[in-house]
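Structural overview
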Amino acid sequence: MTSTGATEAHLPDTTLIREATELVRDLTSDLIYHHSRRVFFFGSIQGHRRGLRFDPELLYVGAMFHDLGLNEEFHGSGRRFEVDGADEARKFLQAHDVPADGIRRVWTAIALHTTPGIPEFMEPEVALVTAGVEYDVLGIGYDRISDEDRAAIVSLHPRPDFKRQILAAFTEGIRPKPETTFGNVKADVLERFVPGFERGNFVDTILSSPWQE
């Protein structure tokens, strides 16, 4: 596979990107920071390989904010962590006078990044945030990126003990609001790591609704 030469040089040097980097670097752990940066690079490479035209600033903000909702400050929000992260990205972009359509794309990209089967059919920025997440977390399409590019990105943003650490971060981020995992992949995390957790069941919800028929 041909290398794209994916390095820091491919990250645009703009005020928006610099300030997004500083904000997420200050607010998140090394684990989430490095993961989020890899999501951008892996998503960007896949976008170029697919011939997609995307806004790198919007993709970057989507990647950098996508797990911000796992932070402790959102544990009591009662909302899905994806929505908390999307709302923070929206506030950041509004403060930088980004047009409404760009804000909508970033919000949607973050809100849907754990909802497989939908983002890939949406705008490039939405599709590529999910593609970057799925690559870094799940290894989907692992061989579609060259060994050289993969090694360069991981050298810049290492992933020591990543599988165990990211699962722990997911668990801690959503344990306080287990009801938000209904119908999404994070129910698997709590079922595995939180004793006594019982996932919601769609069939039971229908049968126990107040309707008589």
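Since this is a predicted model, take the numbers as computed values, not measurements. (Residues numbered from 1 in each chain as written. Predicted model: local features only at pLDDT ≥ 70, side-chain atom pairs only at ≥ 80, totals over all residues. Heavy atoms only, no water.)

1. Details of the overall build of the protein
Counted only if it meets this: A run of H or I in DSSP becomes a helix once it reaches four residues, and a run of E becomes a strand once it reaches two; helices and strands are each numbered from the N terminus. Computation of the radius of gyration draws on C-alpha atoms alone. For the globule rule, the value is 2.2 Å times the number of residues to the power 0.38. Each residue is assigned to one of three classes by its accessible area relative to the maximum for its type, calculated with a 1.4 Å probe on protein chains only: buried under 20%, partly exposed between the two thresholds, exposed over 50%. Pairs of residues are marked as contacts when any of their non-hydrogen atoms sit within 4.5 Å. Under the convention used here, a 1.4 Å probe and the Shrake-Rupley method define accessible areas, while residue burial counts only the protein chains that appear. In this count, Lys and Arg are taken as positive residues and Asp and Glu as negative ones, while His and the chain termini are left out. Charge coordinates come from a single atom per side chain, which is NZ of Lys, CZ of Arg, CG of Asp or CD of Glu.
Looking only at helices and strands, the protein features 10 helices and zero strands. When the elements of the protein are put in sequence order from the N terminus, they spell out α-α-α-α-α-α-α-α-α-α. Taking 17 Å as the expected radius of gyration for a compact globule of 213 residues, we find that the protein reaches 18 Å, a close match to that expectation. Along the first, second and third principal axes, the C-alpha atoms of the protein reach 60 × 35 × 35 Å. Relative to its 213 residues, the protein shows a buried fraction of 46%. The contacts of the protein with a sequence gap of at least 6 include a subset with a gap of at least 24, amounting to 65%. Of the roughly 11100 Å² of accessible surface on the protein, a fraction of 54% belongs to carbon and sulfur atoms. With 23 positive and 34 negative side-chain charges, the protein shows a spacing of 3 Å between the two charge centroids.

2. A word on the layout of surface pockets
For clarity, the threshold we go by: In this analysis a 1.4 Å probe is tested at points of a 1 Å grid over the protein atoms alone, and where it fits but cannot get out there is a cavity; an open set with protein on both sides within 12 Å along at least five of seven lines is a pocket; lining residues have an atom within 4 Å of a point. Grid points are joined across faces, edges and corners, and a volume is the space filled by probe spheres set on the points. All amino acids are sorted into three groups, where Ala, Val, Leu, Ile, Met, Phe, Trp, Tyr, Cys and Pro are nonpolar, Asp, Glu, Lys and Arg are charged, and the leftover types, Gly among them, are polar.
What the largest pocket holds in volume is close to 500 Å³. For the lining of the largest pocket, the elements supplying multiple residues, two or more each, are helix H6 (124-138), helix H8 (162-174) and helix H9 (186-193). Taken together, the residues that form the lining of the largest pocket break down as 11 nonpolar, six polar and six charged. Its boundaries defined by the atoms lining it, the second largest pocket holds a volume of some 190 Å³. For the second largest pocket, the lining is made up of 14 residues, of which Arg-50, Glu-120, Thr-130, Ala-131 and Glu-134 are closest to its centre. Looking at the lining of the second largest pocket element by element, the count peaks at five residues for H6. Class assignment for the residues of the lining of the second largest pocket results in seven nonpolar, three polar and four charged.

3. Concerning the pattern of salt bridges
Threshold: Between Lys or Arg on one side and Asp or Glu on the other, a salt bridge is scored when a side-chain nitrogen of the former is within 4 Å of a carboxyl oxygen of the latter.
In total, this model carries 19 salt bridges according to the counting rule given. The partner of Lys-177 in a salt bridge is Asp-84, with the nearest N and O atoms 2.9 Å apart. Remark: Asp-84 occurs in helix H4 (residues 81-95) and Lys-177 occurs in the loop between H8 and H9; sequence separation between them is 93 residues. For Asp-84, a relative accessible area of 0% corresponds to the buried category.

4. Overview of helix H2 (residues 30-49)
The test is simple: One fewer than the residue count of a helix, multiplied by 1.5 Å, yields its expected span.
Spanning 20 residues, H2 covers 29 Å between terminal C-alpha atoms, matching the ideal 28 Å at 1.5 Å per step. Burial of H2 is extensive: 17 of the 20 residues sit out of reach of the surface. One or two positions beyond H2, positive phi appears at Gly-51, with a value near 70°.

5. Details of the packing of aromatic side chains
Put simply, the rule reads: We call Phe, Tyr and Trp rings a pair once their centres come within 6.5 Å, taking the six-membered ring for Trp, and we label the pair stacked below 30 degrees between planes, edge-to-face above 60, and tilted otherwise.
The tally for this structure, following the rule as stated, stands at five aromatic pairs. Seen from their ring centres, Phe-40 and Phe-41 are 5.3 Å apart, and the 65° between their planes marks the pair as edge-to-face. Taken as a pair, Phe-40 and Phe-41 share a single burial class, namely buried. For the pair Phe-42 and Tyr-135, a centre-to-centre distance of 4.6 Å together with 45° between the ring planes defines the contact as tilted. Here Phe-42, found in helix H2, pairs with Tyr-135, found in helix H6; they are 93 residues apart in sequence, far enough to count as distant.

6. Digging into the nonpolar core
What counts is decided by this rule: To form a nonpolar core, buried Ala, Val, Leu, Ile, Met, Phe, Trp, Tyr and Cys residues must be joined to one another through side-chain atoms within 4.5 Å.
Phe-40, Tyr-60, Val-61, Phe-65, Phe-92, Leu-93 and Val-106 are the most contacted members of the largest nonpolar core, which has 38 residues in total. Listed by contribution, the elements that provide at least two residues to this core are helix H1 (15-27), H2, helix H3 (56-65), H4, helix H5 (100-111) and H6. Top contributing element to this core by residue count: H3, with seven residues. Excluding residues within four positions of it along the chain, Phe-65 makes contact with Ala-20, Leu-23, Val-24, Gly-85, Glu-88, Ala-89, Phe-92 and Ile-110. Core analysis: the next-biggest nonpolar cluster, separate from the first, contains 14 residues, Leu-70, Phe-81, Phe-162 and Ala-169 among them.

7. Regarding the environment of Asp-188
Tracing the backbone through its elements, the reader meets Asp-188 in helix H9. Note: C-alpha distance between Asp-188 and Arg-199 (11 residues apart in sequence) is 8.3 Å.

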